[in-house]
Amino acid sequence: EIAVLDAVTEIYAMDPPGVTYDTALALIALAAHDERLHARHIRLLADTLIDWQSGGWGYPDGGDLSNTQYAALGLWAASRAGLEVPVSVWRELFSALGTYRSKSGGFSYSGGTDSTGSMTTAGIGTLAICTNGLRSAHALGGKEEKRAAEWIQKGLEWLAQNFSVTKNPQNGAWHYYYLYGLERMGALADVTLVGEHDWYREGAEFLVGAQRSDGGWCEGRGQSNVLSTCFALLFLKRATRPVTAAPTPGASKRAGILARDALVRVIATGEDPLTLWIEGFADEVLERLEWQNEAGRGLHIRRVSYFADGEQIVSVEGKAGEPA
């Protein structure tokens, strides 16, 4: 917890960051930490991204699909935190995404024919965010929806033909960046299979086998590094929430039991599908049930069962041999 608060303090010291990546990631981090506590700073960062938009996004000058996908992720996080993103932002982004498509159906960094796995997953995921933003604002026209579905389908076909989890297809570099893009695409566009490939199972098997003896990950040879390790952990955790769980204007963004003194803090968001998770436990529960010499590491969870109207609707197995 102290490390997280130190990181939050560092983000505030950037005020605001000077490039798209930093601004978007700072926004995502603050929204994930506490969207209510950081509401003013989230708005500042979102307004900064909106000011920098020129179709897509660059550094902030220029424009490329990599910066554009992170700006879109940042604005999506802002919208989930309750900030209204103007419809014009999503419309402009939608138009810009078409410039990064190639005739093969994939997506490239700056437009053209050099499609890669990392950029194609970025294009598909960003399309899902963009169309959801327009749909939530009741501004998605039939032609736009049809075009987006076609672009996503063509992109998935390109990925199926070039699929790999051991490298970034048609590039080779930025391997772990690509894997996290694959995870984001899977959640944002609701993709379970790429062609005949179970992308998560194959990716997870690769990452488990590629973990270094020091616990981290790294491209090529050498010591593990923070960037590759973060991408690997985010993939394994399936950290991206489905875009379909985003709130609609005027609707309740989240519901749940959030009081700090609640024995179990539960959050639910979205409608179809509903995303439901345990956010945490009261201090008295942790003090009573954490194992000796494991203070601060969490409970040992054997099983979590959810009930509706007295009927069990799902049961999720835990790992009772280790703290959650």
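Everything discussed here concerns the structure shown above.
So, how was this worked out
- Residues numbered from 1 in each chain as written.
- Predicted model: local features only at pLDDT ≥ 70, side-chain atom pairs only at ≥ 80, totals over all residues.
- Heavy atoms only, no water.
- Salt bridge = Lys/Arg side-chain N within 4 Å of Asp/Glu carboxyl O.
- Helix = DSSP H or I, 4+ residues; strand = E, 2+ residues; numbered from the N terminus.
- Buried < 20%, exposed > 50% of the residue type's maximum accessible area, 1.4 Å probe, protein only.
- Pairing = 2+ DSSP bridges.
- Contact = heavy atoms within 4.5 Å.
- Phe/Tyr/Trp six-rings, centres within 6.5 Å; stacked < 30°, edge-to-face > 60°.
- Lys NZ or Arg CZ within 6 Å of the ring centre and 35° of its normal.
- Axes fitted to C-alpha atoms, helices over the stretch in contact; angles between N-to-C directions.
- Left-handed = near helix turned anticlockwise from the far one by under 90°.
- Nonpolar A, V, L, I, M, F, W, Y, C, P; charged D, E, K, R; others polar.
- Parallel < 35°, antiparallel > 145°, perpendicular 65-115°, else oblique.
- Polar contact = N/O pair within 3.5 Å; in protein donor to acceptor, adjacent residues only side chain to side chain.

Chemist: I'm lost on the pattern of salt bridges in this one. Help?
Modeler: Think of it this way: side chains of opposite charge can pair up when their charged atoms draw near. Scanning all chains against the criterion turns up four salt bridges. As a salt-bridge pair, Glu 205 and Arg 201 come within 3.3 Å of each other at their nearest N and O atoms. With Glu 205 and Arg 201 both in helix 9 (residues 199-210), this residue pair falls four residues apart, about one helical turn. Classification of Arg 201 by relative accessible area gives partly exposed; the value is 40%.

Chemist: Can you walk me through the pairing of strand 5 (residues 311-317) in this structure?
Modeler: Looking along a regular strand, one sees the side chains alternate between the two faces of the sheet. In this structure, strand 4 (residues 303-308) lies alongside strand 5, joined through six bridges in antiparallel fashion. Bridge pairing in strand 5 places Phe 307 opposite Gln 312. Between strand 4 and strand 5, which follow one another and run antiparallel, lie two residues, and Asp 309 among them has a positive phi close to 55 degrees.

Chemist: So what exactly am I meant to see when it comes to unusual backbone geometry here?
Modeler: Most peptide bonds are trans, and most residues other than glycine sit at a negative phi. Each neighbour pair has its own omega, and for Tyr 59 with Pro 60 the value is 20 degrees, a cis peptide bond. Structurally, Pro 60 can be placed in the loop between helix 3 (39-52) and helix 4 (65-80). If you check the backbone angles, Trp 174 has positive phi at about 55 degrees while not being a glycine. Along the chain, Trp 174 falls in the loop between helix 7 (142-161) and helix 8 (175-188). Its identity is not glycine, yet Arg 238 carries a phi of approximately 50 degrees, on the positive side.

Chemist: Any chance you could explain the environment of Asp 198 here in plain terms?
Modeler: Here Asp 198 shows up in the loop between helix 8 and helix 9. Distance in space between the C-alpha atoms of Asp 198 and Gly 298 is 31 Å, their sequence separation being 100 residues. Apart from the residues lying within four places of it in its own chain, the contact partners of Asp 198 are Thr 192 and Leu 193.

Chemist: Honestly, the packing of aromatic side chains in this entry has me stumped. Any pointers?
Modeler: The geometry of an aromatic ring pair is captured by the separation of the ring centres together with the interplanar angle, meaning the angle of the planes. For the coordinates displayed, the defined rule picks out nine aromatic pairs. Residues Tyr 21 and Tyr 70 carry aromatic rings whose centres are separated by 5.6 Å and whose planes lie at 70 degrees to one another, so their mutual orientation is edge-to-face. Of this pair, Tyr 21 sits in helix 2 (residues 20-34) while Tyr 70 sits in helix 4; the two residues are 49 residues apart in sequence, bridging distant segments of the chain. Summarising the burial analysis for this pair, Tyr 21 and Tyr 70 share the class buried. Members of the aromatic cluster, joined through ring pairs, are Trp 174, Tyr 177, Tyr 180 and Phe 231. Its end group placed over the ring of Tyr 200, Arg 238 keeps NZ or CZ at 4.3 Å from the ring centre.

Chemist: Explain the packing of helix 8 against helix 9 here, please?
Modeler: Each packed pair of helices is defined by two parameters, the angle between the axes and the distance between the axes. Contact pair helix 8 / helix 9: the axes reach a minimum separation of 11 Å and the direction vectors enclose 150 degrees. Crossing geometry of helix 8 relative to helix 9 is assigned as left-handed. Residues His 175, Tyr 176, Leu 179, Leu 182, Glu 183 and Gly 186 of helix 8 lie in contact with helix 9, whose contacting residues are Trp 199, Phe 206, Leu 207 and Ala 210. Across the contact of helix 8 with helix 9, the residue classes tally to seven nonpolar, two polar and one charged.

Chemist: So what exactly am I meant to see when it comes to the packing of helix 4 against helix 5 (residues 87-97) here?
Modeler: Direction vectors running N to C along helix 4 and helix 5 enclose 155 degrees, while the axes themselves pass 12 Å from each other. In terms of orientation, helix 4 lies roughly antiparallel with respect to helix 5. Here helix 4 and helix 5 pass one another in a crossing that is left-handed. Along the contact surface, helix 4 presents Leu 65, Thr 68, Ala 72, Leu 75 and Trp 76, while helix 5 presents Val 89, Trp 90, Leu 93 and Leu 97.

Chemist: It is not clear to me how the side chain of Gln 53 should be interpreted in this structure. Could you clarify?
Modeler: Within the secondary structure, Gln 53 sits in the loop between helix 3 and helix 4. Given a relative accessible area of 13%, Gln 53 falls into the buried group. Of note is the side chain of Gln 53, whose polar atom sits 3.1 Å from the backbone oxygen of Gly 55.

Just geometry here; none of it tells us what the structure is for.
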